[in-house]
Amino acid sequence: TVSLEFYPLTMSPGGLTTLYITITNPNPNTALTGIGGFSVDLSPLNMTSFGIGTSGCSGHSAPNLSSAAAAGSSIITFDPGTELTPGFTCSIPYIIFLAVDAPLGTKYANTSSGISSDNGGTGSPASPAPITVVANAAPQLTETFDDESIPQFGTTFLHLTPVNPNNGTLTGELEFNGQKFPV
């Protein structure tokens, strides 16, 4: 069997999430051979890049990420692995940067094919793993003075620094006390 779970369950446009793919051999007595050969469709979300975290399948040959998975794609395809021990469960974290061109607050569900094995057939598709697109956090403005204290009628410089708590680049203008500054 295969199951899917995103963590965190929300992300902002251009954000980072991890899709955990958990593979289980429910048979208590028989190792499954040739496991894999399945895909996950994240449409309409598109990956801008991805990486593989530390697999919980140590000592087992879990499905390998296919060369077909590429930046700009919404499909993750896996080539067959070799064997999964009887009763064994392993989780493979796929760290994904997603390009999101969608209304905020939208919850997306993905689809997958069933995972197959040479000697166990093809299982049912995984239940969809929902992920919700949330708004980016507002930019912050920090201020610092050159001097900790100044004499009466003295001068110092005030430095205003915009801070972007999101992934991606700030664009447009930053407004402070009615004054607009380019970012």
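Bear in mind the structure is a predicted one, so any value in this text is a computation, not a measurement.

Definitions and limits used
- Positions within a chain are numbered from 1, following the residues in the order the chain's sequence is written.
- With the structure being a predicted model, the display of local features is reserved for residues of pLDDT at least 70 and the display and counting of side-chain atom pairs for 80 or more, all residues being used for whole-chain, interface and lining totals.
- With hydrogens and water excluded, all non-hydrogen atoms of the structure serve as input to the side-chain values.
- For patch building, the residue pool is restricted to those with more than 30% relative accessible area and no salt bridge; the joining distance is 9 Å between like charges and 5 Å between nonpolar side chains (Val, Leu, Ile, Met, Phe, Trp, Tyr).
- Calculation of accessible area relied on Shrake-Rupley with a 1.4 Å probe; when residues are assessed, cover is drawn exclusively from the protein chains displayed.
- The rule for a salt bridge is simple: a side-chain nitrogen of Lys or Arg has to be within 4 Å of a carboxyl oxygen of Asp or Glu.
- Each helix corresponds to a stretch of at least 4 residues labelled H or I by DSSP, and each strand to a stretch of at least 2 residues labelled E; elements are numbered beginning at the N terminus.
- Of the two site types, the cavity is a set of points on a 1 Å grid over the protein atoms alone where a 1.4 Å probe fits but cannot get out, and the pocket is an open set with protein on both sides within 12 Å along at least five of seven lines, each lined by residues with an atom within 4 Å of a point.
- Grid points are joined across faces, edges and corners, and a volume is the space filled by probe spheres set on the points.
- Following the grouping adopted for this structure description, the nonpolar residues are Ala, Val, Leu, Ile, Met, Phe, Trp, Tyr, Cys and Pro, the charged ones are Asp, Glu, Lys and Arg, and the polar ones are all others, Gly among them.
- Only when DSSP finds a minimum of two bridges between them are two strands counted as paired.
- Each residue's exposure class comes from its accessible area (1.4 Å probe, protein chains only) as a fraction of the maximum for that residue type: buried when under 20%, exposed when over 50%, partly exposed otherwise.
- Two residues form a contact once any of their heavy atoms are found within 4.5 Å.
- Per-residue confidence from the predictor is reported as pLDDT, a score between 0 and 100.

A. Local environment of a nonpolar patch on the surface. Taken together, Leu16, Ile95 and Phe97 make up a surface patch of nonpolar side chains, about 220 Å² in accessible area. Here Leu16 shows up in strand S3 (residues 16-24).

B. Here's a closer look at unusual backbone geometry. Geometrically, the link from Tyr7 to Pro8 is a cis peptide bond, its omega value of 0° lying close to zero. Checked against the element boundaries, Pro8 lands in the loop between strand S1 (2-7) and strand S2 (10-11). Positive phi values are uncommon outside glycine, yet Phe153 reaches one of about 70°. Secondary-structure assignment places Phe153 in the loop between strand S16 (140-145) and strand S17 (158-163).

C. Examining the layout of surface pockets more closely. One number sums up the size of the largest pocket: a volume of about 190 Å³. Lining the largest pocket are 17 residues, with Thr1, Leu32, Ser117, Gly120 and Gly121 positioned closest to its centre. Listed by contribution, the elements that provide at least two residues to the lining of the largest pocket are S3, strand S13 (114-117) and strand S14 (121-125). Taken together, the residues that form the lining of the largest pocket break down as 5 nonpolar, 12 polar and no charged.

D. Quick peek at the sheet that holds strand S15 (residues 131-133). Judged by pairing direction, the sheet is mixed, and its 3 strands sit side by side in the order S2-S15-S11 without closing on themselves. Of all strands in the sheet, those with a lone pairing partner are S2 and strand S11 (107-108), marking the two edges. Bridge count between S2 and S15: 2 bridges; the pairing is parallel. The partner of Thr10 across the bridge, within S15, is Thr132.

E. The side chain of Thr18, seen in detail. Examined against the element boundaries, Thr18 turns out to sit in strand S3. By relative accessible area, which is 13% here, Thr18 ends up buried. Apart from the residues lying within four places of it in its own chain, the contact partners of Thr18 are Glu5, Phe6, Tyr7, Pro93, Tyr94 and Ile95.

F. A look at the confidence of the model for the protein. Summary statistics for the protein give a mean pLDDT of 76 and a share of 76% for residues scoring 70 or more. By mean pLDDT, strand S7 (residues 64-65) is the weakest element of the protein at 60, and S1 is the strongest at 86.

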